[in-house]
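Listed below, chain by chain, are the residues.
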Amino acid sequence: RRVLFRSILGMMRNPGQPANVAPANSTSSSGGVKTPDGEKVRLILGDDISSAHANRGDRVSFTVSEDFKVGDAVIISKGASASGTITEAKKKGMLGQGGRLLMSIDQVKAVDGQNVRLRATSGREGDDKLGKTIAVAVLAGPFALLVKGKDVVVTKGTEYTAYIDENREIGVTK
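Residues numbered from 1 in each chain as written. Predicted model: local features only at pLDDT ≥ 70, side-chain atom pairs only at ≥ 80, totals over all residues. Heavy atoms only, no water.

Visitor: Mind laying out the overall build of the protein chain, listing which residues take part and the relevant values?
Guide: Counting secondary structure elements, the protein chain contains two helices and 14 strands. When each of the 174 residues of the protein chain is scored for burial, the buried share is 36%. Looking at the protein chain alone, contacts between residues at least 24 apart form 67% of all its contacts between residues at least 6 apart. Of the roughly 10,100 Å² of accessible surface on the protein chain, 52% is carried by carbon and sulfur atoms. (Helix = DSSP H or I, 4+ residues; strand = E, 2+ residues; numbered from the N terminus. Buried < 20%, exposed > 50% of the residue type's maximum accessible area, 1.4 Å probe, protein only. Contact = heavy atoms within 4.5 Å. Areas by Shrake-Rupley, 256 points an atom, 1.4 Å probe, with all protein chains shown as cover.)

Visitor: Lay out the pairing of strand 8 (residues 81-90) with the relevant residues and their values.
Guide: Where strand 5 (residues 59-64) lies against strand 8, five bridges are found, and the strand directions are antiparallel. Looking across to strand 8, one finds that Thr63 is bridged to Ser81. As paired strands, strand 8 and strand 9 (residues 100-109) are joined by eight bridges and run antiparallel to one another. Bridging from a neighbouring strand, Ser83 pairs with Gln107 of strand 9. (Pairing = 2+ DSSP bridges.)

Visitor: So, the pairing of strand 13 (residues 159-164): which residues are in play, and what are the values?
Guide: Regular strands place side chains that alternate from one sheet face to the opposite one. Where strand 3 (residues 40-45) lies against strand 13, five bridges are found, and the strand directions are antiparallel. Opposite Lys40, over in strand 13, you have Tyr163 as the bridge partner. The pairing of strand 10 (residues 115-119) with strand 13 spans two bridges and is antiparallel. Following the sheet pairing, Leu118 is matched in strand 13 by Ile164.

Visitor: With reference to specific residues and values, describe the pattern of salt bridges.
Guide: Per the stated rule, a full pass over the model turns up eight salt bridges. Residue Arg100 is joined to Glu88 by a salt bridge in which the shortest nitrogen-to-oxygen separation is 3.0 Å. Taken together, the positions of Arg100 in strand 9 and Glu88 in strand 8 put the pair twelve residues apart, joining distant regions of the chain. The class for Arg100 is partly exposed, based on a relative accessible area of 25%. (Salt bridge = Lys/Arg side-chain N within 4 Å of Asp/Glu carboxyl O.)

In structure tokens:
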């Protein structure tokens, strides 16, 4: 809720400013540019992920979908790599239980090669078939154990929004 409030507040303060351009007052005296905490970075998932194959701790790769600028300076380039972590993965189960997949988005590479911390989480659950399982149990008894839910599949190219989670000075060339 705080992030949504910050985004709305930011749009009210800078109504003509595009979402991927932070206010220019983030420049520092040493020629670098500070990353504005709470600003959006748009990402694209790099590979398919399935709850059937994913494990907790697996790394997830993303690419940045558009340049991120502070004023006129690009601090995160389109195509830059970003990464995240699978925080929970549960395969589909018996009795109609669907799979579950949770991940966090952790960092992105800035134009000067530094890693910039991001914050975002995403979760999905597969379809549960509990009603179908109960119907099968009434009609066929032990065969209800054979009814399985669906695994979660997230396809390559799925778009995500993460938020910068620190103020860090990024070296830029002008």
